[in-house]
Amino acid sequence: MDVEDTQAQPLPPLNKSASRNSMDECISWFHGKITRDAAEHILDVGGSSEGLFLIRESTSSPGDYVLSLIHNKSPIHYQIRRHGEDAFFSIDDGPIVHGLEMLITYYQENAQGLSTKLNEMCKGQPPPPDSRRHGRTNLLHRATKEGEVTVVRELLKSGYHNLDAKNQEGQTAVHLASIMGFNDILDLLLVVGANPNIRDGSGLTPLHYASKNNEPETVAVLLRHKANPQLRATESGWVPLHYAAFLGYTEVLNVLLEMKCPCHPRSNYNETPLDLAKKNKHKECISILENYVAAPPTSSRSEWFHEDLDREKAMSLFRSEGLKDGMFLVRRSSRRKDIYVLSVVHNSHPFNYEIQRKETFYFIDDGPYLDSLDHLVEHYSNMADGLPTNLVQPIPPGTESLDIPSNSKDKDVENLIYNNVAANVVYREKKTPPKVRKIDPISRPNLIRRESLKLGDSIGEGEFGSVLCGKWLNLDNIEVNVAIKTMRDEQVQRCREEFIREVEVMVGLDHPCVVKLLGVCLGPPLMMVQELVPMGSLFDYLLDFQDEINVHDLILWSAQIAWGMTYLESKRFVHRDLAARNILLSSKTEAKISDFGLSRAIGTGSEYYKASTGGRWPVKWYAPESINYGTFSHASDVWSYGITLWELFTYGDPPYGDMTGMQVIQLLECNQRLSIPEDCPEKIQKVMSQCWQYNPENRPTFKQLYSSFCTDVDYKPLWNFFKCEEEIL
Ligand code: ADP
């Protein structure tokens, strides 16, 4: 109940001179849209004590905020990213928190990966209403709740600007009108631009309330004004159709379906509305849901379906069409002919999603079950629903171009490698003010002249651009085969830090089971030159040549990966992305660890690395402490090693099948693990379960894992390969 409900409430204008309540006092750290310099000045005047902070609006990225903070007498600035149009925020790859004030409270309790915890604030104002999870009841809330259409109309006419402000429960006027079923007020609010897609403090949208309160007309008004029927309740993952089916509200169910909401969305626990209707024996709902026939889709396969197109060719096609946001196509997977893949471009980057099947349905990830490929394309054209963008421009089958990376100039590149960006990387990692860092000449990568490189065909598609095979005329004038990781021009801006970081990690590494970096060519385009590992990814090999692989091969590769990881452990590198897809094969008996894009050095005196920047998170390979707290250590790499072994011994099965990340986390917390693959040797089974000990301290080290391969007589055939005794024992 609202605090102010307990008082007598005629509808007076709010007393503007009344002092702010104590909550607003506590969160008066907001300073509006001021520049970085102005923020630093305010912190300086405020005394620059440790943890002194303020929040300001980002000047470069609308909707985002910036945390300016004092650590060791110097200011540091963190981008606070907004997720979607609602008030969800995060800093780097910390948790996504509902409400800016809740996010700040979180970092006031503990540093949680920031350089220091937030301490005293520089006094400003409370944050804007649309950024908060909880606010204060205002005049519009009151008038709405009491059904005062005339007052609401007058308020809106007079330009009342707090349309999306929240009350103590985090509800906006749109929530209140929807809860009460006041459709005329709701319409007034939505016509002037109030947002129908905001969640309240319990994680529910106005459409959730209208559905669970059995208000079909309200549901229709909201949907007409672009309420999103696929937003999930934060806890359960239920969308409005789940509520209608669970409660047996047939009218609401019919309105939702008539207005083209997908009929079989899935909750966080994989339940569909039909499951819920059956559970509660709502016969009429069951019959509606079972007999529902989706309207025929408006787009057809001839516009976007490619019968025979592999990943690399799809990328080339996108590139030749200009890599515009929302470009998409559907293709058959080149590895498994029974699988379709949706490829879509966002921020100049292609994303690939496996389209999965269940009975007659098609679906992506934890999205709704859809009747056909065409319905799937139609659904994701109407809304992004979990994809980075909705599908906008189909790329029809037809001419394909095989472009090679463009040759345009990037003059900054040398600086970028050796000075500025490297300095930034250090700044982000160690949280010290940026300064130009001198790179130790010994650990500098070779600079390779463009003229000494011959670029060949594409052999893979990486995060930053194509991986090509090629030839390098090295310093001894010998032509050697190499792999060349290129960086597309449009990626330079977005990914250079990661690219440089990968170079930095690889430059000092030299081990038979780790892919070797030979040098960097400044191009343009920027290129990383590595030893060629001719047979490519072990994951592809497992899928394609299962019949030619025996258990000894699997054990040999397992031991080699453990050996390479022992080496990385000795260098204090945490890999963070150990998986079969990142192991390459030189020959059938030589596996090498690659892909150091996520790898990090851990500082002396520290046992783990705490992630501070966002990006890809291969959750199914991650240990519980990495998922829950973002901490990575040799022990979390050991967990991923266990998952990699599982991939090997299942010949490339996807770990945890089509479970969502959330379901995997729940399974691990219930102390369950992946089931042991068929015919897996008992010793390997034991290794897997040791690697998946919940407590990182109880997991073996790589050194122990590797020596167990070397000392166990059953693995004697491996001994020659490794000369284990000298190396490790
Ligand atoms: P990214 O880390 O940018 O995603 P990867 O390093 O995983 O890119 O490379 C993508 C693909 O390119 C790999 O799966 C592999 O097939 C191929 N590849 C990468 N490096 C090499 C290499 N040194 N030798 C042979 N093939 C390679």
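Residues numbered from 1 in each chain as written. Predicted model: local features only at pLDDT ≥ 70, side-chain atom pairs only at ≥ 80, totals over all residues. Heavy atoms only, no water.

Caption draft 1: Summary view of the packing of helix α6 (residues 173-180) against helix α7 (residues 183-191). The interhelical angle for the contact between α6 and α7, taken along N-to-C directions, is 155°, at an axis separation of 9 Å. Between α6 and α7, the angle is such that the two are roughly antiparallel. Classified by chirality, the crossing of α7 by α6 is left-handed. Residues Ala173, Val174, Ala177 and Ser178 of α6 form the contact with α7, whose own contacting residues are Ile185, Leu186, Leu189 and Leu190. Partitioned by chemical class, the residues of the contact of α6 with α7 number 7 nonpolar, 1 polar and no charged. (Axes fitted to C-alpha atoms, helices over the stretch in contact; angles between N-to-C directions. Helix = DSSP H or I, 4+ residues; strand = E, 2+ residues; numbered from the N terminus. Parallel < 35°, antiparallel > 145°, perpendicular 65-115°, else oblique. Left-handed = near helix turned anticlockwise from the far one by under 90°. Contact = heavy atoms within 4.5 Å. Nonpolar A, V, L, I, M, F, W, Y, C, P; charged D, E, K, R; others polar.)

Caption draft 2: Summary view of the sheet that holds strand β13 (residues 466-473). Here we have 5 strands laid out as an open sheet, ordered β12-β13-β14-β16-β15, and antiparallel in their pairing. Strands at the two margins of the open sheet, each flanked by one partner only, are β12 (453-461) and β15 (517-521). In this sheet, adjacent strand axes meet at a mean angle of 30° when their direction is disregarded. Both β12 and β13 contribute to a ladder of 6 bridges, which runs antiparallel. By the bridge assignment, Lys454 is partnered in β13 with Lys471. Packed on one face of the sheet, helix α14 (residues 311-320) meets β12 and β13 and runs near 110° to β12. (Pairing = 2+ DSSP bridges.)

Caption draft 3: Spatial organisation of the environment of Asn352. On the secondary structure map, Asn352 appears in strand β9 (residues 349-358). Asn352 sits in the partly exposed class, given a relative accessible area of 25%. Taking the C-alpha atoms as reference points, Asn352 and Leu329, 23 residues apart in sequence, are found 9.8 Å from one another. The residues contacting Asn352, other than those within four sequence positions of it, are Arg311, Met315, Arg331, Val341, Leu342 and Ser343. Here the side chain of Asn352 touches Arg331 through a polar contact of 3.1 Å, side chain to side chain. Polar contacts involving the side chain of Asn352 include one to the side chain of Ser343, which spans 2.7 Å. (Buried < 20%, exposed > 50% of the residue type's maximum accessible area, 1.4 Å probe, protein only. Polar contact = N/O pair within 3.5 Å; in protein donor to acceptor, adjacent residues only side chain to side chain.)

Caption draft 4: Structural context of the packing of aromatic side chains. Scanning all chains against the criterion turns up 14 aromatic pairs. Where Tyr106 meets Tyr107, the ring centres are 4.8 Å apart and the plane angle is 85°; that geometry is what we call edge-to-face. Exposure remark for Tyr106: the relative accessible area of 25% places this residue in the partly exposed category. Ring-pair connections join several aromatic residues into one group, and the members of that group are Phe30, Tyr65 and Phe89. One Lys or Arg, Arg301, reaches over the ring of Phe305 and ends 5.3 Å from the middle of that ring. (Phe/Tyr/Trp six-rings, centres within 6.5 Å; stacked < 30°, edge-to-face > 60°. Lys NZ or Arg CZ within 6 Å of the ring centre and 35° of its normal.)

Caption draft 5: Seen up close, helix α3 (residues 100-109). Regarding α3, the residues found buried are Leu100, Glu101, Leu103, Ile104 and Tyr107. Taken end-on, α3 shows its buried residues confined to a sector of 160°, consistent with a single buried face. (Arc of directions from axis to C-beta.)

Caption draft 6: Spatial organisation of the pattern of salt bridges. A full pass over the atoms with the stated rule returns 14 salt bridges. We note a salt bridge from Arg36 to Glu40, for which the minimum N-O separation is 4.0 Å. One end of the pair, Arg36, and the other, Glu40, are both in helix α2 (residues 36-45), 4 residues apart, so they sit about a helical turn from each other. One salt bridge connects Glu217 with Arg224, and the closest N-O pair in it is separated by 3.9 Å. (Salt bridge = Lys/Arg side-chain N within 4 Å of Asp/Glu carboxyl O.)

Remember, this is a structural readout, not a statement about activity or role.
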